[in-house]
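Chains, contacts and geometry: an overview
So you can see what is in the structure, the chains are spelled out below.
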Amino acid sequence: MKSQNKYRKFQLQQKNIEVLEKENSRFKRVYSEYENMSNDLWDLENSDGDPVPDDFITAIQLQTSYLEEEIEDWLVQFNQNKNEIKS
C-alpha cells in the first residue's frame, strides 16, 4: 500500500485556490508548478526503480518548499482580503 502524498498540504484550501487560479494567472502557474514538483518528489521517494541521488531529491524538496511559501503567502493575503470585504 502506498503512503499518502505528504506534499499535498493545501487540500483543505482547495476552494480558495480555485478562486485564486481563476483571478491570477501567476498564482495558477506557481500552483501548477508546485503540484508537478510535489507529485514528482513523492514519486521519487516512493518508487522502487533506480535510486536517485540525494542531492537531486534535496534540490527538489528545496524548490517545493519555496513554492509552498509563495502559495501560503498568496492564501494568507487572499483570506485577509476576504475578511476585510466582510467587515
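Let me sum up the structure you'll find in this document. Remember, predicted model here, so these are calculated numbers, not experimental data. (Residues numbered from 1 in each chain as written. Predicted model: local features only at pLDDT ≥ 70, side-chain atom pairs only at ≥ 80, totals over all residues. Heavy atoms only, no water.)

**Side note on the overall build of the chain**
Counting secondary structure elements, the chain contains three helices and zero strands. Secondary structure elements in the chain, listed N-terminal to C-terminal, are α-α-α. Expressed as a percentage of the 87 residues in the chain, the buried residues total 25%. The long-range share in the chain, meaning contacts at least 24 apart out of those at least 6 apart in sequence, stands at 74%. (Helix = DSSP H or I, 4+ residues; strand = E, 2+ residues; numbered from the N terminus. Buried < 20%, exposed > 50% of the residue type's maximum accessible area, 1.4 Å probe, protein only. Contact = heavy atoms within 4.5 Å.)

**A closer look at the nonpolar core**
In this structure, Phe10, Ile17, Phe27, Tyr31, Tyr34, Ile71 and Leu75 are the most contacted members of the largest nonpolar core, which totals 15 residues. Secondary-structure elements contributing two or more residues to this core are α1 (14-23), α2 (25-46) and α3 (54-86). What isoleucine 71 contacts, discounting residues up to four positions off in sequence, is Phe10, Phe27, Val30, Tyr31 and Tyr34. (Core = buried A, V, L, I, M, F, W, Y, C linked by side-chain atoms within 4.5 Å.)

**Thoughts on the pattern of salt bridges**
In the structure shown here, the tally under the stated rule is three salt bridges. Across the pair lysine 9 and glutamate 68 runs a salt bridge whose closest N-O atoms are separated by 3.8 Å. Placement of lysine 9 in the segment before α1 and of glutamate 68 in helix α3 is noted, with a sequence separation of 59 residues between them. With a relative accessible area of 42%, lysine 9 lands in the partly exposed category. According to the relative accessible area criterion, glutamate 68 is buried, its value standing at 14%. The closest approach of N and O atoms between glutamate 72 and lysine 9, which form a salt bridge, is 2.7 Å. Here glutamate 72, found in helix α3, pairs with lysine 9, found in the segment before α1; they are 63 residues apart in sequence, far enough to count as distant. By relative accessible area, which is 29% here, glutamate 72 ends up partly exposed. (Salt bridge = Lys/Arg side-chain N within 4 Å of Asp/Glu carboxyl O.)

**Quick look at the packing of aromatic side chains**
Enumeration according to the criterion identifies five aromatic pairs in this entry. A centroid spacing of 6.4 Å and a plane angle of 65° characterise the contact between phenylalanine 10 and tyrosine 31, whose relative ring orientation is edge-to-face. Of this pair, phenylalanine 10 sits in the segment before α1 while tyrosine 31 is found in helix α2, placing the two residues 21 residues apart along the sequence. In this structure, phenylalanine 10 and tyrosine 31 share a single accessibility class: buried. An aromatic cluster of three or more residues is present, and its members are Phe10, Phe27, Tyr31, Tyr34 and Trp74. (Phe/Tyr/Trp six-rings, centres within 6.5 Å; stacked < 30°, edge-to-face > 60°.)

Limitation: the analysis is restricted to geometry and does not speak to function.
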